[in-house]
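Residue-level structural notes
Listed here are the chains, written in short residue letters.
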Amino acid sequence: MSVNKEIKKITTNTLQKMKANGEKISMLTAYDFSFARLFDEAGLDVILVGDSASNVMAGHETTLPITLDQMIYHASSVIRGTNRALVIVDLPFGSYQSNSEVALASAIRIMKETGAHGLKLEGGEEIIDSVKKIVSAGIPVMGHLGLTPQSIYKFGTYNVRAKEEAEANKLKKDVQLLQEAGCFGVVLEKIPAQLAKEVTESLTIPTIGIGAGGYCDGQVLVMHDMLGINSEFKPRFLRQYLTLATDIKNAVQHYINDVKSQDFPNEKESY
Ligand code: KIV
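Thresholds, definitions, all that
Residues numbered from 1 in each chain as written. Predicted model: local features only at pLDDT ≥ 70, side-chain atom pairs only at ≥ 80, totals over all residues. Heavy atoms only, no water. UniProt positions renumbered as here; feature names shortened; annotations may be inferred. Buried < 20%, exposed > 50% of the residue type's maximum accessible area, 1.4 Å probe, protein only. Contact = heavy atoms within 4.5 Å. Polar contact = N/O pair within 3.5 Å; in protein donor to acceptor, adjacent residues only side chain to side chain. Helix = DSSP H or I, 4+ residues; strand = E, 2+ residues; numbered from the N terminus.

**Details of the UniProt feature "binding site: Mg(2+)" (unreviewed entry) in the chain**
Mapped onto this numbering, the UniProt entry gives "binding site: Mg(2+)" (unreviewed entry) at Asp51, Asp90 and Glu122. Considering the C-alpha atoms alone, the annotated residues occupy 72 residues of sequence yet fold into one spot, their largest mutual distance being 10.8 Å. On the basis of relative accessibility, which here comes to 3%, the residue Asp90 falls in the buried class. With near-sequence residues (within four places) excluded, Asp90 lies in contact with Leu48, Val49, Gly50, Asp51, Met71, Ile110 and Lys120. Here the side chain of Asp90 touches Asp51 through a polar contact of 2.8 Å, landing on its backbone nitrogen. Along the chain, the position of Glu122 falls in the loop between strand 4 (118-120) and helix 6 (128-136). For Glu122, the contacting residues outside a window of four places in its chain are Asp51, Tyr96, Ile127, His144, Thr148, Pro149, Gln150 and Ser151.

**Observations concerning the side chain of Ser130**
Checked against the element boundaries, Ser130 lands in helix 6. According to the relative accessible area criterion, Ser130 is buried, its value standing at 5%. Setting aside chain neighbours within four positions, we find Ser130 in contact with Tyr96, Asn99, Ser100, Ala103 and Leu121.

The structure is reproduced here in structure tokens:
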């Protein structure tokens, strides 16, 4: 199915309708104006300003160090490049876990200072009061369960989550709580495809999978991974659409050679 050009602006209601109609939702991360504009023009449904910016933009090992101010910087750049896509921003680690008042204050800062359309929070029962508080302020919230990278030091590995019954049962309970709390959707990261299927079928809100198989209502990938900028990262769930790391390095080497050999700039490239 190609891009639905009839849709002028994607909203959370559009995603709801897509689930009801069986139309899959496309989502990618973006962190700056230029890529957001390209993705929006390509017809992407949802842009996630992920806290994976901490890894792919800032070079940190985990998502934990990124700050609220840094997320606001990335999100406002993305918003300036977007016309049609729904833009969702991650609340970073430390900006919502302590209590629901803190969570709401962080949420309001992002919404006010960036113009984003909604927020994503990691966790289930533990953060449900914060989800309710933010939703009751009129801010759309997306959940995130399974492998939640802000809890990497609790998990100890980036392996598939919820393979055991106890963790799968907790996830099933959490996802219902998030739906009841008013979330408009939920990301399911690195869980077995059959569990994602069961969860997806049990919900009225859409699920967006990353490493969660083909039964989810939509898919999300980190842009640097799918474009092959981050060429060393090759998990099983990733489909790499370009090999930009190689192309960019070749282009830069070509440029270096042209500068050194005085081929660049030539007369036509001079004033
Ligand atoms: O921060 C991020 O990029 C994410 C996606 C992996 C879902 O949360």
